[in-house]
Amino acid sequence: MSTHDYSRRDFLKSVGLGAAGLFVSGRVSGFQPQTGGIAPDNPNIIIIFADDLGYGDLGCFGHPTIHTPNLDRMAAEGVKLTQFYSASSVCTPSRAALLTGRLPIRSGMCSDRRRVLFPNSGGGLPPTEITIAQALKTRGYATACVGKWHLGHLPQYLPTRRGFDEYFGIPYSNDMKPCPLMDNEKVIEEPANQATLTKRYTGRAIRFIERNKNKPFFLYFAHTFPHIPLFASEKFKGKSLRGLYGDVVEELDWSVGQILSVLRKHSLAEKTLVLFTSDNGPWLVMKLRGGSAGLLRGGKGSTWEGGMREPCVAWWPGKIPAGTVGNGLSGTIDVFPTCLALAGVKAPSDRVIDGVDMLPVLLGTGKSQRNLMFYYRGTRLMAARKGPWKAHLITWAGYGDKPHKHDPPLLFHLEHDPSEKYDVAKRHPNVLADIMKEIEHHRGTLKPVKSQLEVPLPKNKT
Ligand code: MG
């Protein structure tokens, strides 16, 4: 039995359906996506995920010297989301949440000892978790993962075992050794020649799109950069006003332009949702080699806004109104239910799904269904946001800093004070009490799970 048969069977079990026959005319019986009257007709979905790109690193998000004409055009033709979050301020948990719609605390993809998976880790995204790719396979989508995976590098955890028809990329961060480049499950280069990665990823992504232009597809395109060490190809090296970091981001921007252009060329633009964002905030301690969170406080590793609020641009000509700004609360955790809604797939009912369908925010058809956001560092709940208010129980910049507990918690009004400068806890005890009640309720939904990040590599796999 192939991997896909397993995926499909497991998925059906998880949504409470025993047989494929319950999918009526290819649609799950009784399921109606909340799309405000849009007939989705199985659109293609492309998620482009940058690594460690900050909120302030794109032209359309205010960077003065990094030129991103393709992303700026994408925003001008689509929507720019200004209150969009990743689910973690570091790689592994952030990616687990994006692909499953669940907080990493529920899947075991976080830990207080090791913040991400390493080449000497033996764990990965548990087989009981369902990825977007697995869910979309049940509707006949072609699926590909191009780029950085970081959800387990042992064979049983690779994208090809998690609903993706194909994989091309590096299995973890580019500062980890030996940094192999893989084609499906085969290592084709070790270490990967990083200067040509963005270009080769882009070529692979384009070939996937062209090969599947006549059927629905899902492409998860997770760039290796601008995670450090930074590499740009010859064409981009030394060209940006912002130095090597700018060169790297400008090459990512070129890549986005290539993807959108191939969609236009094959008349797929109006059939394809493209969402561009980042896995976590900029790596500030790397100084000039790291990015910028713009006016947001903090960066990668912290639960200040700069660590988890991401630049996000979504594009779907004819569906997403051009040149709009969406300020509804949303995040990568919402991508899973949104993709399932677009494909007409019922969300699994045997587990907590933390995400909500974010189509109203993307399409500008209504208010965000999300009013709450939880900020975790490992297994610790550090802060929570309700509406415009954010309460910090603990702050910890990371990288040499120590945790600071706050009792009473710090309170910021993020719409008035996006830089989290002015603690107004004393003036709003009722707001704080209300958020504390939400936290208590949230904690009641958690169950202890084994951390995958602490599983050692089996002895014979060194
Ligand atoms: Mg990252």
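What this report covers is the structure whose coordinates are included nearby. This structure is a prediction, so every number in the text was calculated from the model and none was measured.

## Side note on the pairing of strand E11 (residues 272-278)
Consideration 1: With seven of its seven residues buried, E11 lies for the most part within the structure.
Consideration 2: Side chains of E11 alternate between two faces, with Thr-272, Val-274, Phe-276 and Ser-278 and Leu-273, Leu-275 and Thr-277 buried alike.
Consideration 3: The pairing of strand E3 (residues 44-50) with E11 spans seven bridges and is classified as parallel. Bridge pairing in E11 links Asn-44 to Thr-272.
Consideration 4: Where E11 meets strand E12 (residues 312-315), three bridges bridge the pair, whose relative direction is antiparallel. Looking across to E12, one finds that Phe-276 is bridged to Val-313.

## Brief notes about the pairing of strand E17 (residues 389-395)
Consideration 1: Here E17 lies mainly inside the structure; seven of its seven residues are buried.
Consideration 2: Of the pairings in the sheet, the one linking strand E16 (residues 380-386) to E17 comprises four bridges and is antiparallel in character. Residue pairing across strands places Lys-386 opposite Trp-389, the latter belonging to E17.
Consideration 3: Remark: two residues form the turn of the hairpin made by E16 and E17, two consecutive strands paired antiparallel; Gly-387 in that turn has positive phi of roughly 55 degrees.

## Quick word on the nonpolar core
Consideration 1: Counting 53 residues, the largest nonpolar core has Ile-46, Met-74, Ile-209, Leu-219, Leu-263 and Phe-276 as the members making the most contacts within it.
Consideration 2: Among the elements of the structure, E3, helix H2 (69-77), strand E6 (142-147), helix H6 (197-211), strand E10 (217-222), helix H7 (243-265), E11 and E12 are those that each provide at least two residues to this core.
Consideration 3: The dominant element in this core, judged by the number of residues it contributes, is H7, at ten residues.
Consideration 4: Ignoring sequence-local partners within four residues, the contact set of Phe-276 consists of Ile-48, Ala-50, Leu-53, Leu-58, Leu-71, Met-74, Val-256, Pro-311, Cys-312 and Val-313.
Consideration 5: Listed in part, the 47 residues of the second largest apolar core include Leu-81, Leu-98, Phe-164 and Phe-336.

## Remarks on the side chain of Thr-198
Consideration 1: Its place among the elements puts Thr-198 in helix H6.
Consideration 2: Overall, Thr-198 belongs to the buried group, its relative accessible area being 3%.
Consideration 3: Once you skip the residues sitting within four places of it in the chain, Thr-198 turns out to touch His-223, Phe-225, Glu-251, Leu-252, Trp-254 and Ser-255.

## Thoughts on the coordination of the magnesium ion
Consideration 1: Distances from the magnesium ion to its protein donors, Asp-51 (OD), Asp-52 (OD), Cys-91 (SG), Asp-279 (OD), Asp-279 (OD) and Asn-280 (OD1), fall at 2.1 to 2.7 Å.
Consideration 2: Around the magnesium ion, the six donor atoms sit at angles spanning 52 to 157 degrees, and that spread fits a shape best called irregular.
Consideration 3: Mapped onto the polypeptide sequence, the residues donating to the magnesium ion form the spacing pattern D-D-x38-C-x187-D-N.
Consideration 4: On the basis of relative accessible area, Asp-279 is assigned to the buried category, the value being 0%.

Thresholds, definitions, all that
Starting from 1, residues in each chain are numbered consecutively following that chain's sequence as written. Residues qualify for local features only when their pLDDT is at least 70, as the model is predicted, and side-chain atom pairs are given and counted only at 80 or more; totals for whole chains, interfaces and linings, by contrast, use all residues. Only hydrogens and water are set aside when side-chain values are computed; all heavy atoms of the structure are taken into account. Burial here depends on accessible area, computed with a 1.4 Å probe over protein chains only, as a share of the maximum for the residue type. Under 20% is buried, over 50% is exposed, and the range in between is partly exposed. Helix numbering and strand numbering both begin at the N terminus, where a helix is a DSSP run of H or I of at least 4 residues and a strand a DSSP run of E of at least 2. DSSP calls a pair of strands paired once it identifies at least 2 bridges connecting them. Definition of nonpolar core: a set of buried residues of the types Ala, Val, Leu, Ile, Met, Phe, Trp, Tyr and Cys, connected through side-chain atoms within 4.5 Å. Contacts are assigned to residue pairs that have any heavy atoms within 4.5 Å of one another. Donor selection uses N, O and S atoms within 2.8 Å of the metal (3.2 Å for Na, K and Ca). Since no water is included, sites may look incomplete. Every angle between 85 and 135 degrees makes a four-donor site tetrahedral, while opposite donors more than 155 degrees apart, with all other angles between 65 and 115, make a four-donor site square planar and a six-donor site octahedral; other sites are irregular.

Geometry only, nothing functional implied.
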